[in-house]
Amino acid sequence: MNSKEYIELAENKLLHTYNRYQIVFDHGDGVYLYDLEGRKYLDFVCGIGVYALGYNVKEYNDALKDQIDKILHTSNYYYNVPAIKAADKLTKFAGMDRVFFTNSGAEAIEGALKAALKYAYNKDGCNDHEIIAFDHSFHGRTCGALAVTGKKAYREAFEPLISKVNFAEFNDLESVKKLINKKTCAIIMETVQGEGGIYPAKKEFIEGVYRLCKENDILLILDEIQCGMGRCGSAYAWHAFDVRPDIMTTAKAVGGGVPVGAFLLTERVAENSLVAGDHGTTYGGNALAGAAIDKTLDLFESKHIIDNVNKVGEYLYAELDKIAGEYADIVDHRGKGLMQGLEFDHPVADIINRALEKGLVLINAGTNIVRFLPPLVITKENVDEMTAILRECI
Ligand SMILES: *Cc1c(COP(=O)(O)O)cnc(C)c1O
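About the criteria used
All residue numbers here refer to positions counted from 1 along the written sequence of the relevant chain. Local features in this predicted model are restricted to residues of pLDDT 70 or higher, and side-chain atom pairs are both shown and tallied only at a pLDDT of 80 or more, whereas totals for entire chains, interfaces and linings draw on every residue. Side-chain descriptors were evaluated using all non-hydrogen atoms of the structure, hydrogens and water having been removed beforehand. Only the stretch in contact is used when fitting a helix axis, every axis being a line fitted to C-alpha atoms; angles between N-to-C directions are given from 0 to 180 degrees. For helices the rule is a DSSP run of H or I covering at least 4 residues; for strands it is a run of E covering at least 2, with both sets numbered from the N terminus onward. Angles below 35 degrees are treated as roughly parallel, those above 145 as roughly antiparallel, those between 65 and 115 as roughly perpendicular, and all remaining angles as oblique. In this scheme, a crossing is called left-handed if the near helix is turned counterclockwise away from the far one by less than a right angle; it is called right-handed if the turn is clockwise. Working rule for contacts: check all heavy atoms of both residues, and any pair within 4.5 Å makes them a contact. For a helix, the expected span equals 1.5 Å multiplied by the number of residues minus one. The classification of residues rests on relative accessible area computed with a 1.4 Å probe and restricted to protein chains. Under 20% of the type maximum is buried, over 50% is exposed, and intermediate values are partly exposed. For the purposes of these results, a polar contact is taken to be a pair of N or O atoms within 3.5 Å, where, inside protein, one atom must be able to donate a hydrogen and its partner to accept one; residues adjacent in sequence count only when each atom of the pair is a side-chain atom. Criterion used throughout: strands pair if DSSP finds at least two bridges between them. Either an automatic procedure or a domain database provided the assignment from which the domain bounds are taken. Buried area counts how much accessible surface, traced with a 1.4 Å probe, disappears from two parts once they are put together, with both parts' losses summed. For this document, the term salt bridge refers to a Lys or Arg side-chain nitrogen within 4 Å of an Asp or Glu carboxyl oxygen. Cavity means a closed set of points on a 1 Å grid over the protein atoms alone, one where a 1.4 Å probe fits but cannot get out, pocket means an open set with protein on both sides within 12 Å along at least 5 of 7 lines, and lining means a residue has an atom within 4 Å of a point. Grid points are joined across faces, edges and corners, and a volume is the space filled by probe spheres set on the points. Gly counts as polar in this scheme, as do all residues outside two lists: the nonpolar Ala, Val, Leu, Ile, Met, Phe, Trp, Tyr, Cys and Pro, and the charged Asp, Glu, Lys and Arg.

(A) Structural detail: the packing of helix α12 (residues 305-326) against helix α14 (residues 380-393). Following both chains from N to C, one finds α12 and α14 inclined at 20°, their axes separated by 10 Å at the closest point. As summarised for this structure, α12 and α14 are arranged roughly parallel, according to the angle between their axes. Pair α12 / α14 crosses with right-handed handedness. In contact with Lys 311, Val 312, Tyr 315, Leu 316, Glu 319, Leu 320, Lys 322, Ile 323 and Glu 326 of α12, α14 contributes Lys 380, Val 383, Asp 384, Met 386, Thr 387, Leu 390 and Arg 391.

And the structure:
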């Protein structure tokens, strides 16, 4: 069967929750993807920030294959070595104390919210606590994650979701202060907003939120699912600021391609929130996922991934700035490291479709923003290749 025939079958069988681009990807190598007919594409999306190390990395593949030959899954009622190693490495990499592994980002958010609600419940025995979240935020599609997601259209049909959530304006500290009351138990935010349009938190803002949390014993939950894992030039994006979250979430790139997520806690929150029986998962922290995280973190170090992000990220920033100066319909350029966006004064679907025709994979963030989320191993030459095609498409 060819791509066209597979797409027809998909349209008849899959639930229609996505408007997909008319491509069937078959395999990848380095920073390139290949479709079923063998056409080559430069990839500036990497599965939405998942394939940080690029495709078909031998050491990573071998580690997974070895684990598959041993065991995939044991249940969390027993220990498995890959997950223990992954927990040790990930807590150190993140600068947090304890971790709970999940299978996805949304599940990590669910766990983070449950931990915050339990912490507040342990303090006063009440269960009417409130959470502050932000406009333009995106935290996932399960009911709890949806409850703290800023875009009303994503939530409306499913409300009421969880306990009261109040939305403040991102990068506006006063709007947060106004919403704080004695029922506020947590503030949840992305360090750099992804899906909502690539908005980095300003230093004064994130440090201000952190201080407000400390002063009021409110837990700060940082969602690093997209912006973390080196993407913004430090292991986690919050490391660039004078803050430390009480709970943080990670997913997407942390497994290097295998579906995994995690929420991490400080010892203080871990000791005063979820206990045995409060939370669980069948698959979370399985041996295959553990092996994937363990090897991904090894390769981050041995391949100096974060150094590359800083070097190439700076170059990408300069090159996109040039492009922003060349076209009147580009109204803003934002981002950090290898997480950047160009905002246009019109929808960008046509630009993205033209890019795909020319062998460049890009994705939007909101309707008017082209988002750049390449594998973290890209080179300056890859950036030049991308900008040359992009100019033809604008
Ligand atoms: C992708 C994303 C999520 C949800 O992750 P899933 O694995 O799709 O459930 C949550 N938060 C942020 C910031 C994300 O980018």
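(B) Structural context of helix α11 (residues 287-302). Here α11 contains 16 residues, and its C-alpha end-to-end distance of 22 Å stays within 8% of the 22 Å for a straight helix at 1.5 Å per residue. With respect to burial, α11 is a largely interior element, 13 of its 16 residues being buried. For α11, the N-terminal cap is Asn 286; the gap from its side-chain oxygen to the backbone nitrogen of Leu 288 is 3.1 Å. Phi turns positive, to about 50°, at His 304, one or two residues after α11.

(C) Broad picture of the pairing of strand β7 (residues 184-190). For β7, a buried count of seven out of seven residues is recorded, marking the element as mostly surrounded by other parts of the structure. The pairing of strand β5 (residues 130-134) with β7 spans three bridges and is classified as parallel. Across the sheet, residue Glu 130 finds its bridge partner in β7, namely Thr 184. Of the pairings in the sheet, the one linking β7 to strand β10 (residues 219-223) comprises five bridges and is parallel in character.

(D) Main features of the sheet that holds strand β1 (residues 25-29). Pairing within the open sheet is mixed, and its four strands lie in the order β1-β2-β3-β15. Each edge of the sheet is formed by a strand with only one pairing partner; in this case those strands are β1 and β15 (360-361). Two elements, strand β2 (residues 32-35) and strand β3 (residues 40-43), share three bridges in a ladder whose sense is antiparallel. Paired with Tyr 34 across the two strands is Lys 40, which belongs to β3.

(E) Summary view of the domain arrangement of the chain. Domain assignment breaks the chain into domain 1 (3-53 + 304-393) and domain 2 (60-302). Taken over C-alpha atoms, the centre of domain 1 sits 26 Å from the centre of domain 2. Contact residues are listed per partner, giving 28 residues for domain 1 and 29 residues for domain 2. Overall, the association of domain 1 and domain 2 removes approximately 2300 Å² of surface from exposure, summing both partners, and the carbon and sulfur fraction of that is 64%. Considering only the side of domain 1, the residues that lose the most area to domain 2 are Leu 53, Lys 336 and Met 339, jointly responsible for 28% of the buried surface there. Between the two partners, domain 1 and domain 2, sit one salt bridge. With its nearest N and O atoms 3.4 Å apart, the salt bridge here joins Arg 371 to Glu 195. For the pair domain 1 and domain 2, the interface holds eleven residue pairs in polar contact (both at pLDDT 80 or more). Listed by contribution, the elements that provide at least two residues to the side of domain 1 that touches domain 2 are α2 (46-49), α12, β13 (330-336), β14 (339-344) and β17 (369-372).

(F) Spotlight on the layout of surface pockets. When its volume is computed, the second largest pocket comes out at roughly 970 Å³. Elements with a minimum of two residues in the lining of the second largest pocket: α4 (81-94), β4 (98-102) and β12 (261-265). Class assignment of the residues belonging to the lining of the second largest pocket gives a composition of 15 nonpolar, 13 polar and three charged.

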